[in-house]
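# Examination of the molecular architecture
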Number of protein chains: 2
Amino acid sequence: MASAVSHLSSEYHDLNGDHIDVLEQPPTALEFSRLVHISRPVLIRGMQIPSVQFWDDEYLAATLGETEISVAVTPNGRADAVTQSPDGKLYFVEPHVESMKMSELLSKLSPEAGDPNIYYLQSQNGNVYSSRFFEGVHDPSEFELLRHDIPSEIPWCSEGLGKSPDAVNLWIGSIHSVTSIHTDPYENIYTVVRGSKHFTLLPPTDGWCLKGATVTAALDYPLMHFLERMYPHGTWTRKSPEEPLTLMPSPNVPPIRWSSVADPDLPGNLPPEAHPIQITIDAGETLYLPPGWWHHVRQSDNTIALNWWYDMEMRGMSWVFLSFLRKCWGRSIWER
Amino acid sequence: MASAVSHLSSEYHDLNGDHIDVLEQPPTALEFSRLVHISRPVLIRGMQIPSVQFWDDEYLAATLGETEISVAVTPNGRADAVTQSPDGKLYFVEPHVESMKMSELLSKLSPEAGDPNIYYLQSQNGNVYSSRFFEGVHDPSEFELLRHDIPSEIPWCSEGLGKSPDAVNLWIGSIHSVTSIHTDPYENIYTVVRGSKHFTLLPPTDGWCLKGATVTAALDYPLMHFLERMYPHGTWTRKSPEEPLTLMPSPNVPPIRWSSVADPDLPGNLPPEAHPIQITIDAGETLYLPPGWWHHVRQSDNTIALNWWYDMEMRGMSWVFLSFLRKCWGRSIWER
């Protein structure tokens, strides 16, 4: 199995290389539909959202005013990531979530803030528009007062896929926030409004890549180290904003399957057979990120981004194949 | 490997069932592009090619007149199929090809012809339009005099895929002609003009199905029986139209990889885990057959059909995955 899947990975790379299409204008619906079938990342320029070009700190703080928004707080900038607790055990740790005004978040992100913790607006539950919005029912949002600036749909994407988004999210963070490597079962249109996002991407066929070890030497299962492993769940917690955050295990939450590769950009953390692609999305640019692509995300400066998640096509082969590629290296398939 | 691939096959079937979409009108280019991404067969009604509705025998014979056309001749109706020679050995046998006028072919197809052999117009090399035609260079065709009746492109398909066909073929045969199960790396638009075609279809994930044996009992390789095996090459031959056809081995032609399942419609020839879909395409109907789908084709009555082959998308995952599914059960991957 290992040899067959690493063979698949190398064939995929032989055929596609590290190529990423760059479009100087957004695609038509039909062009986008063809890109969805190819299912490779595309850098798209020229997607104009005029309203968000005027988003400076003053405007954002004034527009949201007294509205309380949910912000992830961690001591290390790694929300939703594998973290070692003081006793040496590894946990999948969710951030502490604090409510604050936009003006407070923006001051926390200032290099002069003097706060030891890292604040990241990444509520990502459709924090601007959720699926309820598209179903036409009441959809409260912490960012309701910003909605007039944020289109609920990307026309060429909605028409190309023949559906509305499942979630639209606003992301605001600093250079200290990192999103650990993972995949989503969504077609993702990711637009940077301010700053830059640095994506490290791996194709779905590279899911077999082990942490710091070459899989080709390990042709037999059970494999001791998967890219994804089960981790016990924990949460960063504090009783008051003055206290330090502590990692609290959550014994009643089931373990989470998550990548063991903390930083794919560090030498030796991926096997030499892996095929990472690094791409920077600057303000005004958009990334089309297809479902199943592994992505690790860093930011330069304070960065504001928007993304539109559309459900991937579940009919046909795509989902089954992505699931197959993940299961090949998890336990589930072997335990049946 | 066997368990993983049969698991994939069963997951694919759990998700998609035996469902085939039926469209009462041809899709738009964008709708077709979405169907290509789903990559499941679709029955399409209402695709009008007015000129071919007037194709009776008299018209076809008169239009082509003295033109010599290439017709496959076999004693068993199985051109390009695995056949047992008198010495008991199995060969992949190509048909004898004879030149004749259309009027002669049509009289051979008559039930009263009294000829023991089976005649099938299936030259399938782009016999109406080949890739040269679409490259704008000279493209001689035995059916040049019929071209004014046969559109070179299917507009919604060409626009949906963003390319012209690679080959357009005319097929004329009787109830005795059978096309043995195989796959093509093409997007296939297959229109029946007269009669009916009966397709038995298997998804690409069912390539593991063995002849009359359940693979689930055979979890280890080397597997002794593949759906596809290597067969020595042979040709049906005769020196004159009066002689009987004999199977002549072709020692200088490399062996051919071909399916070992002669007739997937006979009970026991496919394992119980296989998921064949049977669909009849009647005159005036069109089948969209995606690349990689296994198909076995029979006909009712004398049948005339046209098909447009478009190159499949080679970028991305589709081709790599189809190749992976075939290699899993061939020798090549294990011999590396």
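Anything mentioned here points back to the structure above.
Just so it is clear, the model here is predicted, and its values are computed rather than measured.

Below, the discussion takes up the overall build of chain A. Across its full length, chain A holds 8 helices and 18 strands. Over its C-alpha atoms chain A spans a radius of gyration of 20 Å, differing by no more than 12% from the 20 Å that the globule rule assigns to 336 residues. By principal-axis analysis of the C-alpha atoms, chain A measures approximately 60 × 55 × 35 Å. Relative to its 336 residues, chain A shows a buried fraction of 56%. For chain A, the proportion of contacts with a sequence separation of at least 24, taken over those separated by at least 6, is 79%. Of the roughly 14,200 Å² of accessible surface on chain A, a fraction of 54% belongs to carbon and sulfur atoms. Charge-centre separation for chain A: the mean point of 23 positive side chains lies 7 Å from the mean point of 42 negative side chains.

With that settled, the discussion passes to the sheet that holds strand E13 (residues 233-237) of chain B. Residues and elements named next belong to chain B. Read across the open sheet, the 4 strands follow the order E5-E6-E13-E14; overall the sheet is mixed. Of all strands in the sheet, those with a lone pairing partner are strand E5 (81-84) and strand E14 (246-249), marking the two edges. On average, each strand axis in the sheet is inclined to that of its neighbour by 45°, with strand direction left out of account. Two elements, E13 and E14, share 4 bridges in a ladder whose sense is antiparallel. Residue pairing across strands places Thr-235 opposite Met-248, the latter belonging to E14.

In this structure, strand E6 (residues 90-94) of chain B lies alongside E13 of chain B, joined through 3 bridges in parallel fashion. By the bridge assignment, Glu-94 of chain B is partnered in E13 of chain B with Thr-235 of chain B.

The next point concerns the pattern of salt bridges. Residue and element names in this part refer to chain A. Taken as a whole and judged by the stated rule, the model has 24 salt bridges over all chains. The partner of Glu-66 in a salt bridge is Lys-101, with the nearest N and O atoms 3.7 Å apart. Note that Glu-66 is positioned in the loop between helix H3 (57-64) and strand E3 (69-74) and Lys-101 in the loop between strand E7 (96-100) and helix H4 (102-108), a separation of 35 residues in sequence. Where Glu-313 meets Arg-315, a salt bridge forms, and the shortest distance between an N and an O atom there is 2.8 Å. Taking the relative accessible area as the measure of exposure, Arg-315 reaches 45% and is therefore partly exposed.

Let us look at the relation of the copies chain B and chain A. Each copy superposes on the other: chain B lies on chain A with an RMSD of 0.0 Å after a rotation of 180° and an axial shift of 0.0 Å. The symmetry that links the two subunits is that of a two-fold axis. A share of 97% of interface residues in chain B that are also interface residues in chain A marks the association as one of identical surfaces.

This paragraph deals with the interface of chain B and chain A. On the chain A side, the residues contacting the 37 residues of chain B number 36 residues. In total, chain B and chain A occlude about 3,500 Å² of area from one another, counting both sides; carbon and sulfur atoms represent 69% of this. Together, His-37, Ile-38 and Met-317 of chain B form the three largest contributors to the area buried by chain B at its contact with chain A, with a combined 19%. Applying the counting rule to chain B against chain A returns 0 salt bridges. Mapped onto the side of chain B that touches chain A, the elements with two or more residues apiece are helix H1 (2-16), helix H2 (29-38), helix H6 (155-161) and helix H7 (318-327) of chain B. Residues of the side of chain B that touches chain A, tallied by class, amount to 18 nonpolar, 10 polar and 9 charged.

Turning our eyes to something else, we now look at unusual backbone geometry. For Ser-39 of chain A, which is not a glycine, the phi torsion comes out positive at approximately 60°. By secondary structure assignment, the location of Ser-39 of chain A is in the loop between helix H2 (29-38) and strand E2 (42-44).

Another point: the sheet that holds strand E6 (residues 90-94) of chain A. Residue and element names in this part refer to chain A. The strand order E5-E6-E13-E14 describes an open sheet built from 4 strands, whose pairing is mixed. The outermost strands of the open sheet, each flanked by one partner alone, are strand E5 (81-84) and strand E14 (246-249). Neighbour-to-neighbour, the strand axes of the sheet open up by a mean angle of 45°, direction not taken into account.

Residue and element names in this part refer to chain B. Structurally, the position occupied by Glu-187 is in strand E11 (residues 186-202). This buried residue, Glu-187, is left without a salt bridge; Lys-163 holds the nearest opposite charge, at 7.1 Å. Of note is the side chain of Glu-187, whose polar atom sits 2.5 Å from the side chain of Tyr-288. Beyond its immediate stretch of four places on either side in the chain, Glu-187 contacts Val-36, Leu-161, Tyr-288, Leu-289, Pro-290, Pro-291, Trp-308, Trp-309, Tyr-310, Asp-311 and Met-312.

Moving on, we come to helix H3 (residues 57-64) of chain B. Owing to its 3.6 residues per turn, the α-helix brings residues three or four apart onto one side. Residues and elements named next belong to chain B. Those residues of H3 not exposed but buried are Leu-60, Ala-61, Thr-63 and Leu-64. Angularly, the buried residues of H3 cover 165° about the axis, an arc narrow enough to put them on a single face. Exposed side of H3, more than 90 degrees from the buried face: Glu-58 and Ala-62 are the residues found there. Of the surrounding elements, those touching the buried residues of H3 are helix H4 (102-108), E11 and strand E18 (294-311). Where H3 ends, the next residue or the one after it, Gly-65, has phi of about 50°, a positive value.

The subject of this paragraph is the pairing of strand E16 (residues 277-282) of chain A. Residue and element names in this part refer to chain A. Side-chain alternation along E16 places Ile-277, Ile-279 and Ile-281 on a buried face and Gln-278, Thr-280 and Asp-282 on a face that remains uncovered. As paired strands, strand E11 (residues 186-202) and E16 are joined by 6 bridges and run antiparallel to one another. In the sheet register, His-198 faces E16, and the bridge partner there is Thr-280.

Right, let's talk about the packing of aromatic side chains for a bit. Residues and elements named next belong to chain A. The final tally for this structure, using the stated rule, is 24 aromatic pairs over all chains. Between Phe-92 and Trp-258, the ring centres sit 4.7 Å apart and the planes meet at 50°, which makes this aromatic pair tilted. Placement of the pair is Phe-92 in strand E6 and Trp-258 in strand E15 (residues 256-259), with a sequence separation of 166 residues. Note on Phe-92: relative accessible area 5%, which makes it buried. Measuring from centroid to centroid gives 6.1 Å for Trp-171 and Tyr-190, while their planes differ by 40°, and the two rings are tilted.

Cut-offs and rules
Residues numbered from 1 in each chain as written. Chains lettered and ligands numbered in written order. Predicted model: local features only at pLDDT ≥ 70, side-chain atom pairs only at ≥ 80, totals over all residues. Heavy atoms only, no water. Helix = DSSP H or I, 4+ residues; strand = E, 2+ residues; numbered from the N terminus. Rg over C-alpha atoms; globule rule 2.2 N^0.38 Å. Buried < 20%, exposed > 50% of the residue type's maximum accessible area, 1.4 Å probe, protein only. Contact = heavy atoms within 4.5 Å. Areas by Shrake-Rupley, 256 points an atom, 1.4 Å probe, with all protein chains shown as cover. Lys, Arg positive; Asp, Glu negative; His and termini not counted. Charge placed at Lys NZ, Arg CZ, Asp CG, Glu CD. Pairing = 2+ DSSP bridges. Axes fitted to C-alpha atoms, helices over the stretch in contact; angles between N-to-C directions. Salt bridge = Lys/Arg side-chain N within 4 Å of Asp/Glu carboxyl O. Least-squares fit on C-alpha atoms with pLDDT ≥ 70 in both. Buried area = accessible area lost by both parts, 1.4 Å probe. Nonpolar A, V, L, I, M, F, W, Y, C, P; charged D, E, K, R; others polar. Polar contact = N/O pair within 3.5 Å; in protein donor to acceptor, adjacent residues only side chain to side chain. Arc of directions from axis to C-beta. Phe/Tyr/Trp six-rings, centres within 6.5 Å; stacked < 30°, edge-to-face > 60°.

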